[in-house]
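This is what each chain is made of:
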Amino acid sequence: MSSLRLSQQQRDHLTLLQRHSSDVVELCKSAFDYLINGPNPDRYEALAKKYSDSESPEAVQQAVEALISLLISATTRVGSSTVNMQATLRQTFPDLGEDVLEVLEQFVTSKRNFVEGSIKSANIRAYRLVNLDWRLEVRTASRSLLKKCQVVVTMKLYLHTEPKNENRELLAVDMSGRSEQELKAMQEDERLHRKDMLVQTDVSSLVHMIKTLEDALAESKTRRIRNIVEGIH
Amino acid sequence: MDEVDKIIMHQLHAVDPAIEPTEELSGFTPEQVVRAVSGCLAEIRPDLQLPRTLPGGAMALRFGVASSLAQGCKDTGYRGDIGYQTFLYPNAVELRRLLMFLIEQLPRERQNAEDGASKTKSLSHRELLQRQIRKELTQQLKTPWVPQFARSVGNRKSLGCSSLGIEFRPNINLNIPSANPEERSKEQQQYFDQQAPNVFQQTASSRVDLIASVLHKNELDRWGQVVSDSALLFVASEEPATPLISAVKSAASADEEVSPLQELSNEVQELRIQCETLLTERKTHAATVAALKQRETKASEEIARLQPMLKLHERTCLVLADSEENLVKLETLLKTTQTKRQTLTLQWQDYRKPLLESLEKLKTAKEAQEVQGIRNNIEQLEQELQAKTQQHNELNATLRNASQSLAPRKEYTRRIHEFIGNIRKQRADIYKVLDDTRQLQKQLNVVGAQLQRQFNYTDDLLFQSAKHDLHAKRAYKLLAQLHANCSELVECVSLTGNVTKQIRELEVQIDGEKLKNVLTSLQQITGDIQKFEQHIQELQGQIRAAEQPRAGS
Amino acid sequence: MATSPGRSPALDADPEPSGLLSATVVAGLKNLGGIISPPLTKLLIANSLKLTLHPDATIAPVPELYASNAACAKQSEYAVVTLYALATKHGWDGLQLRQQLEQLALDAGAVDELSRVFEDNRKELILRQLQLGHSFPHITDIQWRIVCDVKSSTSDCSTGVANFHINLGNFRPSSGERETIVEFICNAEELQSLINRLKEIERHCHHMAVA
């Protein structure tokens, strides 16, 4: 198992880890807070004061950011096999104490799910189907034909580019303590990532669509496809 | 069960009047079964061609009919066990299940349709539309999927679902020669004759549609004329020409020097004031004119009133001028008129008498006629009343019969409630039993665990002492034996439980099989097989008979 | 034939009987069989119908149609197309069309030809006009693809799950070229729920069809 690739700069930033494990726990908590709420200078200043020995708040922030980058690269490099995590970490930081390594491993494995979904489908964001509304219509007259009876199924497709439902829920934060501007920005973001489509189809095509989709689903459950997917994995 | 049968028979009677509602389901012959099932199937899927009756003779034919009906039932979605045997060797249980399924599948509209047929054409637009929608939907659900590019051909018959949408985008400036050739100028005529594109070229662009364009133009031509008069004002106000001219004017005046402009504006101001004063003057004049006109009409009215009075006065003056002579003249005139009047009254009396008499006569005749009419009416009404009472009696009798034969709805609901209550009770019981079982299981587990621990402990204890003590050794052996025997016993008990369970299942199965009265069916089947053999032998005989002369010749 | 045909009393009584045709259309119809000779009339009607039904059809040019009285021919083409469009719009059958035309005192041969052609092509005309009007993008075709990523720029290992790319579209009627309306991805559960949704619609349709 190879070690994680970290730049020298990142290693420098992570020198703060050579401390007591409880301090490292504090740092890891800060890192997770960073992921959700962004940087928090007051907290870093308090931490820096606590360490007292000539550490600046900037250094603490850099350490926190380096921790996040460690989390991401660990998630990227190491597959789902949790067994190797500790070995990898040990190889990456040969000079760290056992208890600190344990804290780090816990940090990486526990926050892994949070990062994983986002990373894996983040590169090319396609639209996902979130919801579907439908209505059965009968068109009875038009400007060019006063008497007709045309049955149409109208559907509204709600599409979203966010990676996955569960991740969106994880990332969802309470709206209460936010400023007007922030809310607006969030709505804008929402608007950018969403697309609602109005489409129609006829009943005959609908039946065909169902059949085709079921075929697709059945195909995905065949031994062959499963073998391929597992082989890739 | 017989209630269900009653309902089934009632429905079957509605489907096929040949099936009497009084018959018993268990007594159905294969012919009746075929009739009932094919009747139901024909109602559910009218497009299906199914045999209506079971042919009496050849077994092969009978078998074919029964198989096709079974296939039909399967296609309708019946999940139960069905085959030719259901029809040829019917048993009540299976038949009941099948018929219940079929009756549930019967289209709900049937009754309404029957009502509608009796009324004929009283369908509202709404109903017609609903029917059409239904038809369209069933058609679309049933027809196989056709790729889009083949739809204009494939779905031609069903008139639709070509799934192609063309937006209604007319070319709003369609250029077509207008109706009257006289209105066209020479240049226009020449243009239309030589250069103008035809209507197809004008709508060739993919952004507009030919039919939309012509519909639009036609409507514009028709309504444009009607609205043009009232719309003229509107059009004029939109005209951009006027503001353009004024703008030009103002620009021109700005080029000149200031003083003449001032002068001109002063002049304009003066003229405006003058105009205003003249207008007010005109207004006052108009008011006076109106007042004068009013006076004139009043005066003419007065004159009209006075003129007849004047005439009267003139006449009296004439009479009074020569009073004596005139008085005599008037008296003679009076006398002559009086005599004349007397003769006239006499004459009137003569005429009046016969007329009065005839009037009297007519009056009495009319009264008599009326009386006669009323009498007739009374008689008619009496007859009607009798008929109605008779009808009432009849209906009463049928009502009584009906209420006797079919228990009222209330009764049914009461019974259904009862059933539901029973089922609830049973469910509660089942839950209770389940709880008990679970409790027992728990206890068993606890006791088992306890026992195990006890055993382990004892085992340890004895094992320890068995090393030194001979008796203990024996005791240990005995303990091991005891343990083995006990576990064997437990196994036996659980085995017994399993066996009883199997026995019960088998009993249920046996009951089910018993219901199917296999024996009679078997007899029938053997009879049919014999018939088959006979038939085959006959056929073989025929073949032989046919072969022999051939061989002989 | 060349001059105006025998005037029927109906014309004098009612100058615009159907009320649906504009004066231009009536004038164009009156040209048929008169100013435009009977064989040309036949040709003109056939051409107009063909171009109405198939806008992108190519028809051999007929120079004699426009050789003399081109203005009248153009007017008549417009008139024939409009007549058929209106007749279809109002759901007339061949007989009704004939009745309406007879009130206009047209040339008898032209009336025969107009009603015959209309009767023969009524279904196509209805189909053509059925398509006209506002509608949302109509889905007639569905394509899918099962995708599983092996490696990506942000992750060294695969997600280990197969995803479905689903593409809904239709075919452009003029060129037959496929047009994508909407494309999205979903995993197996999402696909299952989509199928359930669509089946719900189908079930509802069934319900409507039976009840």
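Residues numbered from 1 in each chain as written. Chains lettered and ligands numbered in written order. Predicted model: local features only at pLDDT ≥ 70, side-chain atom pairs only at ≥ 80, totals over all residues.

Thoughts on the overall build of chain A
Note the following rule: In DSSP terms, a helix is any run of H or I states spanning at least four residues, a strand is any run of E spanning at least two, and both are numbered starting from the N terminus. Counting other C-beta atoms within 10 Å of each residue's C-beta, where C-beta atoms are placed from the backbone, gives the exposure class: buried for 20 or more, exposed for 12 or fewer, partly exposed between. Distance between backbone-placed C-beta atoms decides contact: two residues are in contact if it is within 7 Å.
Across its full length, chain A holds 10 helices and three strands. Going from N to C terminus, chain A has its helices and strands arranged as α-α-α-α-α-α-β-β-α-α-β-α-α. Within the span of chain A, comprising 233 residues, buried residues form 24% of the whole. Relative to all contacts within chain A whose residues are 6 or more apart in sequence, the contacts with residues 24 or more apart total 68%.

Some thoughts on the nonpolar core
Let me state the cut-off plainly: Take the buried Ala, Val, Leu, Ile, Met, Phe, Trp, Tyr and Cys residues, join any whose C-beta atoms are within 7 Å, and the set you get is a nonpolar core.
Counting residues in hydrophobic clusters, the biggest one holds 45 residues, and the most contacted among them are Val81, Leu83, Tyr84 and Leu106 of chain C. The set of elements that each furnish at least two residues to this core consists of helix H10 (199-202) and helix H11 (210-238) of chain B together with helix H2 (23-31), helix H3 (38-53), helix H5 (70-89), helix H6 (94-103) and helix H7 (108-120) of chain C. No other element matches the 12 residues that H5 of chain C contributes to this core. Among the nonpolar cores identified, the runner-up in size contains 26 residues, and Val151, Leu157 and Val203 of chain A together with Ile185 of chain C belong to it.

Considering the interface of chain A and chain C
Often, the extent of an interface is quoted as the loss of accessible area upon association of its parts. Heads up, the condition is: When residue character is reported, Ala, Val, Leu, Ile, Met, Phe, Trp, Tyr, Cys and Pro are called nonpolar, Asp, Glu, Lys and Arg charged, and the others, Gly included, polar.
Listed per partner, the contact involves 48 residues of chain A and 49 residues of chain C. Those elements giving two or more residues to the side of chain A that touches chain C turn out to be helix H4 (57-77), helix H6 (98-120), strand E1 (128-139), strand E2 (150-160), strand E3 (194-201), helix H9 (203-220) and helix H10 (223-232) of chain A. By residue number, the principal contributor to the side of chain A that touches chain C is H9 of chain A, which donates 13 residues. Its residues assigned to classes, the side of chain A that touches chain C comprises 27 nonpolar, 13 polar and eight charged.

Here's the deal with the packing of helix H9 (residues 186-194) of chain B against H5 of chain C
The criterion, for reference: Orientation is described by axes fitted as lines to C-alpha atoms, over the contacting stretch for helices, and by angles from 0 to 180 degrees between their N-to-C directions. Orientation labels follow simple angle bins: below 35 degrees gives roughly parallel, above 145 gives roughly antiparallel, 65 to 115 gives roughly perpendicular, and whatever is left gives oblique. Take the far helix as your reference; a near helix turned counterclockwise from it by less than a right angle gives a left-handed crossing, and one turned clockwise gives a right-handed crossing.
Between H9 of chain B and H5 of chain C, whose axes approach to 7 Å, the crossing angle comes to 70°. Accordingly, the angle class assigned to the pair H9 of chain B and H5 of chain C is roughly perpendicular. Helix-helix and strand crossings are classified by hand; for H9 of chain B and H5 of chain C the assignment is left-handed. Together, Gln189, Phe192, Asp193 and Gln194 of chain B of H9 of chain B and Ala70, Ala71 and Lys74 of chain C of H5 of chain C make up the contact between the two elements. Its residues assigned to classes, the contact of H9 of chain B with H5 of chain C shows three nonpolar, two polar and two charged.

Structural notes on unusual backbone geometry
Residues and elements named next belong to chain C. Even without being a glycine, Ala105 presents a positive backbone phi close to 55°. Within the secondary structure, Ala105 sits in the loop between H6 and H7. Exposure remark for Ala105: the 20 C-beta atoms within 10 Å place this residue in the buried category.

Let's talk about helix H16 (residues 470-515) of chain B
Using the following cut-off: Here the expected span of a helix is defined as 1.5 Å times the quantity of residues minus one.
A rise of 1.5 Å per residue sets the reference length of H16 of chain B, with its 46 residues, at 68 Å; its end C-alpha atoms lie 68 Å apart and thus fit the reference within 8%. Of all 46 residues that make up H16 of chain B, one are buried, and the element is exposed over most of its length.

What to know about the confidence of the model for chain A
All names here are of chain A. Here is the rule we go by: For every residue, the predictor states its confidence as a pLDDT score lying anywhere from 0 to 100.
Within chain A, residue pLDDT values average 76, and 77% of them lie at 70 or more. When the elements of chain A are averaged for pLDDT, helix H7 (residues 165-171) gives the smallest value, 44, and H9 the largest, 91. Low pLDDT (under 50) marks residues 164-174, which in the prediction has eight contacts with non-local residues, meaning those over four places away or in another chain.

Brief notes about the interface of chain B and chain A
The partner chain A presents 13 residues to the 16 residues of chain B that form the contact. Every element with two or more residues in the side of chain B that touches chain A is listed here: helix H7 (125-142) and H11 of chain B.

Focus: the confidence of the model for chain C
All names here are of chain C. The share of residues in chain C with pLDDT of 70 or more is 87%, and the mean pLDDT across the chain is 82. This stretch, residues 1-17, has a pLDDT under 50; its non-local contacts, to residues over four places away or in other chains, come to 14 contacts. What the predictor reports for the complex is a pTM of 0.51 with an ipTM of 0.79.

A word on the pairing of E2 of chain A
One face of the sheet, then the other: side chains in a regular strand alternate in exactly this way. Residue and element names in this part refer to chain A. Selection rule: For two strands to be treated as a pair, DSSP must find at least two bridges joining them.
Pairing analysis gives 11 bridges linking E1 to E2, with the strands arranged antiparallel. Along E2, the bridge assignment pairs Val138 with Val151. One ladder, built from eight bridges, connects E2 with E3; its direction is antiparallel. Directly across from Thr154, in E3, lies its bridge partner Gln200.

Some remarks on the pairing of strand E3 (residues 163-171) of chain C
Residue and element names in this part refer to chain C. As paired strands, strand E2 (residues 141-147) and E3 are joined by seven bridges and run antiparallel to one another. Bridging from a neighbouring strand, Gln143 pairs with Asn167 of E3. Summarising the sheet, E3 and strand E4 (residues 178-186) pair through eight bridges and their orientation is antiparallel. Within E4, the residue paired with Asn170 across the bridge is Glu179.

Structural notes on the environment of Lys111 of chain A
With respect to the helices, strands and loops of the structure, Lys111 of chain A is situated in helix H6. Setting aside chain neighbours within four positions, we find Lys111 of chain A in contact with Phe32 and Leu71 of chain A.

Remarks on the packing of helix H2 (residues 30-44) of chain B against helix H5 (residues 92-105) of chain B
Angle between the axes and distance between the axes are the two parameters that describe a pair of packed helices. Residues and elements named next belong to chain B. Where H2 contacts H5, the axes come no closer than 9 Å and their chain directions differ by 25°. Compared by their axis directions, H2 and H5 come out roughly parallel. By crossing handedness, the relation of H2 to H5 is classed as left-handed. Contacts between H2 and H5 involve Val33, Ala36, Val37, Cys40 and Ile44 from the former and Leu95, Leu98, Leu99, Leu102, Ile103 and Gln105 from the latter. A class-by-class count of the residues in the contact of H2 with H5 yields 10 nonpolar, one polar and no charged.

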